[in-house]
Amino acid sequence: MFKKVVLYTNRLEEMKGFYEYQMGFRIVEEDAASFTLAIGDSQLVFAESDRAAIYHFALNIPGNQFSLAKSWASSRVALNRQEGMDEIYYANFDADAFYFQDPAGNVVELIGRRNVDRMGNFSIDSLLNISEVSITTPHVKEVGEQLEDLEIPVRGNKGIDPAALNFLGSGDSFILLVAPKRIWYFSKQKSEVHPLSIELMDGRQIVIDEEGNYQQASAYNPISDGMEELDFSGAVLWKKEEPWSTAKGWADRANERPNAIDTRFGIASGCKIFTAVAICQLAEEGKLAFEDRLSALLPEIFPDFGVTIHQLLTHTSGIPDYFDEETMDDFEELWIQHPMYLMKTGMDFVPLFKDAPMMFEPGAKFHYNNAGFIALGLVVENLTGMAFTDYVEERIFARAGMAASGYFRMDQLPAQTAFGYIEEGTSWRTNQYALPIKGGADGGAYVTAEDMASFWESLMGAELMSREMAERLLTPHAGDEEGEYGYGVWIDRHESGVKKFHVMGYDPGVSFHSAYYPEDGSSLTVLSNRSKGAYDVVKLIERIRSND
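Here goes a summary of the coordinates provided. This structure is a prediction, so every number in the text was calculated from the model and none was measured.

**Some thoughts on the overall build of the chain**
Along the chain, the regular secondary structure elements total 13 helices and 28 strands. Taken over 548 residues, the chain has a buried fraction of 57%. A fraction of 64% describes how many contacts in the chain between residues 6 or more apart in sequence connect residues 24 or more apart. About 23,300 Å² of surface is accessible on the chain, with carbon and sulfur atoms providing 46% of the total.

See the structure below:
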């Protein structure tokens, strides 16, 4: 029944800290004036207000996890008690309930539905949906009749009673309609009239104003609605003067763990820019020059590849590729002869291309090349004595404040990481057996949206290298009909200069775009755990951005 419920508070930051850090709820959307919690299939929004407000709402949980849920909650917050008891059984609903209050004084009820079972221990991902939302109004009769006109039935056969607690809905989802000054169960809080809005699963919108009057409205958010039309799964951060972020879909479909704004996602080739940064750092330290030749830097591995570092960075080297994206379209075919679980380091890829003939004369043209970045990663390892992934994590991620990012093995993904999904008709599978088991210099890192925003800020702020070196990285050196290319980064220009610097990555179960817009210093990152979708969301947001 409930898709989204919006409540108001004058303690927004305190409430965010309570729900995100103390209780462990997942935030799936956030801007300067609100944050949104994932409640199973529903979303609960707290929006900023200049006055205090108290509400009652309830969340459904599996009945067989009720005791586990109580233990989980009581370790984080004091449970409310009534007549010495901290739980109650409601026979009319065949459900158990316990209560607590948040920092704003809202009475929060968790209802264990005895007809619903879920395996395993209780966690925040056990929440099923929003069960109840209370509307307090002095106009109980009028509002109740208006809700009935929306075909939301009154439970029971007595109709709306202004002096009683009225339940409107069915199954395990109800709007509670009540007059002011009723004392809520398991608390000393009295019902108060405050504005709220409810969006139902079918799109109907119920708005209650500050006087408790009902208003019908159509919910419309062009970005969020557009993302739902695209069936997008992932996270988005538009880092501007007033940042906005959102997340859609499931990070773990089997266990219905939602994507959140701090979920990690794979970014495929989007991390070639990290390789380029690493090379630029070493050049700035005098450990290599862009004119150095690969055959001189790694003579035992690539004795016949007399291409320069500059050519490798700009996809103009002409060396053979282990996966030529212009002629091959099924990345998974690679692992038939070379099992993906053996592809752990850059050296594991070398046999796939080192003995093949050159594709063209070095410097003759731009031709996107993954093997070139594998070679650059090996150069980093040879000059530093460090594993490439360790170098990036220590010298780039740590310096840029990208604390959640890393090169994680597919079979050892940390918490808060999305599984990638490959659609197969009406079914799906994860991408665990579709990609190398661990990423490297040509792709495969995992990042969060916030970490990518931090990367852009650090790169543009000369925190990873000097401004002069950053300008070289961001200067167009090559390109084709799809755009100009610097070192590991695409560059789009218009009449007045650079429109954006951007990176992208696509793999089975991965789509990624991230851009920096120099005209206003904003960035946009779109991460998805499906094989497509990120580009469409970027276009959607850029179109809306251009109309602002």
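**A short note on the environment of aspartate 86**
Here aspartate 86 shows up in the loop between α2 (66-74) and β6 (88-90). Separated by 11 residues in sequence, aspartate 86 and alanine 97 place their C-alpha atoms 8.7 Å apart. Within polar-contact distance, the side chain of aspartate 86 engages the side chain of lysine 70 at 2.7 Å.

**With respect to the pattern of salt bridges**
Tallied over the entire structure, the rule returns 27 salt bridges. For aspartate 86, the salt bridge identified is with arginine 81, shortest N-O distance 3.7 Å. For aspartate 86, a relative accessible area of 17% gives the class buried. On the basis of relative accessibility, which here comes to 53%, the residue arginine 81 falls in the exposed class.

**Details of the pairing of strand β20 (residues 421-424)**
Note: β20 against strand β21 (residues 427-430), 4 bridges, orientation antiparallel. The residue bridging glutamate 423 from the neighbouring strand is tryptophan 428, located in β21. Between β20 and β21, which pair antiparallel and follow one another directly, the connecting turn spans 2 residues, one of which, glycine 425, has a positive phi of 65°.

**Details of the packing of helix α4 (residues 222-229) against helix α13 (residues 534-547)**
The contact between α4 and α13 brings their axes to 10 Å, and the two run at 155°. Classed by the angle they form, the pair α4 and α13 counts as roughly antiparallel. For the crossing formed where α4 meets α13, the hand is right-handed. Residues Pro222, Ile223, Gly226 and Met227 of α4 pack against Val537, Leu540, Ile541 and Ile544 of α13.

**Thoughts on the sheet that holds strand β8 (residues 107-113)**
Strand order in the open sheet formed by 7 strands is β6-β7-β8-β5-β9-β11-β10, and the pairing between neighbours is mixed. For this open sheet the edge positions go to β6 and β10 (166-170), each flanked by a neighbour on one side alone. Geometrically, the sheet is characterised by an average inter-axis angle of 25° between neighbouring strands, direction not taken into account. Note that strand β5 (residues 56-62) and β8 share 7 bridges and pair parallel. Note on β8: the bridge partner recorded for alanine 58 is glutamate 109. Along the sheet face, α2 touches β5, β7 (95-101) and β8 and points at about 5° away from the line of β7. Along the sheet, helix α3 (residues 140-149) makes contact with β9 (129-136), β10 and β11 (173-178), crossing β11 at roughly 155°.

**Comments concerning the nonpolar core**
Formed by 148 residues in total, the largest nonpolar core has its most connected members in Phe274, Phe455, Trp456 and Leu459. It is helix α5 (residues 272-284) that provides the largest number of residues to this core, a total of 9 residues. Among all residues touching phenylalanine 455, those that are not within four sequence positions of it are Ile273, Phe274, Val277, Ile396, Ala400, Met402 and Leu464. Met227, Trp238, Tyr517 and Ile541 belong to the second largest nonpolar core, which has 16 residues in total.

**Overview of the state of the cysteines**
What the rule picks out here adds up to 0 disulfides. Free of any disulfide, cysteine 271 has its nearest neighbouring cysteine sulfur in cysteine 280, separated by 16 Å.

**Here we look at the side chain of serine 42**
Position of serine 42 among the secondary structure elements: in strand β4 (residues 42-48). Since its relative accessible area comes to 1%, serine 42 is described here as buried.

**A word on the environment of glutamate 148**
Note that glutamate 148 resides in helix α3. Residues glutamate 148 and tyrosine 391 lie 243 residues apart in sequence; the distance between their C-alpha atoms is 63 Å. Once you skip the residues sitting within four places of it in the chain, glutamate 148 turns out to touch Val154, Ile160 and Leu168.

**Remarks on the packing of aromatic side chains**
Inspection of the entire model under this criterion finds 28 aromatic pairs. Centroid distance tyrosine 322 to phenylalanine 349: 5.0 Å. Interplanar angle 55°. Geometry classified as tilted. In this pair, tyrosine 322 sits in the loop between α7 (309-313) and α8 (334-337) while phenylalanine 349 sits in the loop between α8 and α9 (370-384), placing the two residues 27 residues apart along the sequence. With 5.0 Å between their ring centres and 90° between their planes, tyrosine 421 and tryptophan 428 make a pair best called edge-to-face. One aromatic cluster in this structure is built from Phe18, Tyr19, Phe25, Phe35, Phe46, Phe57 and Phe100. Over the face of the ring belonging to tyrosine 421 we find arginine 253, whose NZ or CZ atom lies 4.4 Å from the ring centre.

**What to know about the packing of α5 against helix α10 (residues 388-397)**
Where α5 contacts α10, the two axes come as close as 10 Å, and the packing angle between them is 80°. As judged from the angle between their axes, α5 and α10 are roughly perpendicular. Across the interface between the two elements, Phe274, Thr275, Val277, Ala278, Gln281 and Leu282 of α5 pack against Phe388, Tyr391, Val392, Arg395, Ile396 and Phe397 of α10. Residues belonging to the contact of α5 with α10 are distributed by class as follows: 9 nonpolar, 2 polar and 1 charged.

Calculation criteria
Residues numbered from 1 in each chain as written. Predicted model: local features only at pLDDT ≥ 70, side-chain atom pairs only at ≥ 80, totals over all residues. Heavy atoms only, no water. Helix = DSSP H or I, 4+ residues; strand = E, 2+ residues; numbered from the N terminus. Buried < 20%, exposed > 50% of the residue type's maximum accessible area, 1.4 Å probe, protein only. Contact = heavy atoms within 4.5 Å. Areas by Shrake-Rupley, 256 points an atom, 1.4 Å probe, with all protein chains shown as cover. Polar contact = N/O pair within 3.5 Å; in protein donor to acceptor, adjacent residues only side chain to side chain. Salt bridge = Lys/Arg side-chain N within 4 Å of Asp/Glu carboxyl O. Pairing = 2+ DSSP bridges. Axes fitted to C-alpha atoms, helices over the stretch in contact; angles between N-to-C directions. Parallel < 35°, antiparallel > 145°, perpendicular 65-115°, else oblique. Left-handed = near helix turned anticlockwise from the far one by under 90°. Core = buried A, V, L, I, M, F, W, Y, C linked by side-chain atoms within 4.5 Å. Disulfide = S-S within 2.5 Å. Phe/Tyr/Trp six-rings, centres within 6.5 Å; stacked < 30°, edge-to-face > 60°. Lys NZ or Arg CZ within 6 Å of the ring centre and 35° of its normal. Nonpolar A, V, L, I, M, F, W, Y, C, P; charged D, E, K, R; others polar.

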